[in-house]
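Observations on the model geometry
The residues making up each chain are set out below.
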Amino acid sequence: MIKFWFMITIFAALIIGISLFFKNKKPAVMYIIPSAFTAVSIVLLIASFVIGGFSGMG
């Protein structure tokens, strides 16, 4: 249970830090980086179904 709260705290600090870092950046950077991460996430999600199938859905 402690590991869970520790991970939540680390991820929250990371997200807040990244958002403060990009707070005053150009709009192009603010849209390109999240779009790139979204595209990579979608590709990884599709690849995980191709590689592993639905075996982990049980």
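Residues numbered from 1 in each chain as written. Predicted model: local features only at pLDDT ≥ 70, side-chain atom pairs only at ≥ 80, totals over all residues. Heavy atoms only, no water.

For the rest of this paragraph, the subject is the overall build of the protein. Broken down by element type, the protein carries 2 helices and 0 strands. A total of 58 residues make up the protein; the buried ones form 0% of that total. For the protein, the computed accessible surface area is about 5,500 Å², with 81% contributed by carbon and sulfur atoms. (Helix = DSSP H or I, 4+ residues; strand = E, 2+ residues; numbered from the N terminus. Buried < 20%, exposed > 50% of the residue type's maximum accessible area, 1.4 Å probe, protein only. Areas by Shrake-Rupley, 256 points an atom, 1.4 Å probe, with all protein chains shown as cover.)

Where nonpolar side chains cluster on the molecular surface, the patch consists of Met7, Phe11, Leu14, Ile15 and Ile18 and spans about 510 Å² of accessible area. Within the secondary structure layout, phenylalanine 11 lies in helix α1 (residues 2–21). For phenylalanine 11, a relative accessible area of 47% translates into the label partly exposed. (Patch = residues over 30% accessible without salt bridge, like charges linked within 9 Å, V, L, I, M, F, W, Y side chains within 5 Å. Salt bridge = Lys/Arg side-chain N within 4 Å of Asp/Glu carboxyl O.)

This part takes up the UniProt feature "transmembrane region" (unreviewed entry) in the protein. UniProt tags residues 6–22 and 29–54 as "transmembrane region" (unreviewed entry). As annotated, residues 6–22 comprises 94% helix and 0% strand, and the C-alpha atoms at either end are separated by 25 Å. (UniProt positions renumbered as here; feature names shortened; annotations may be inferred.)

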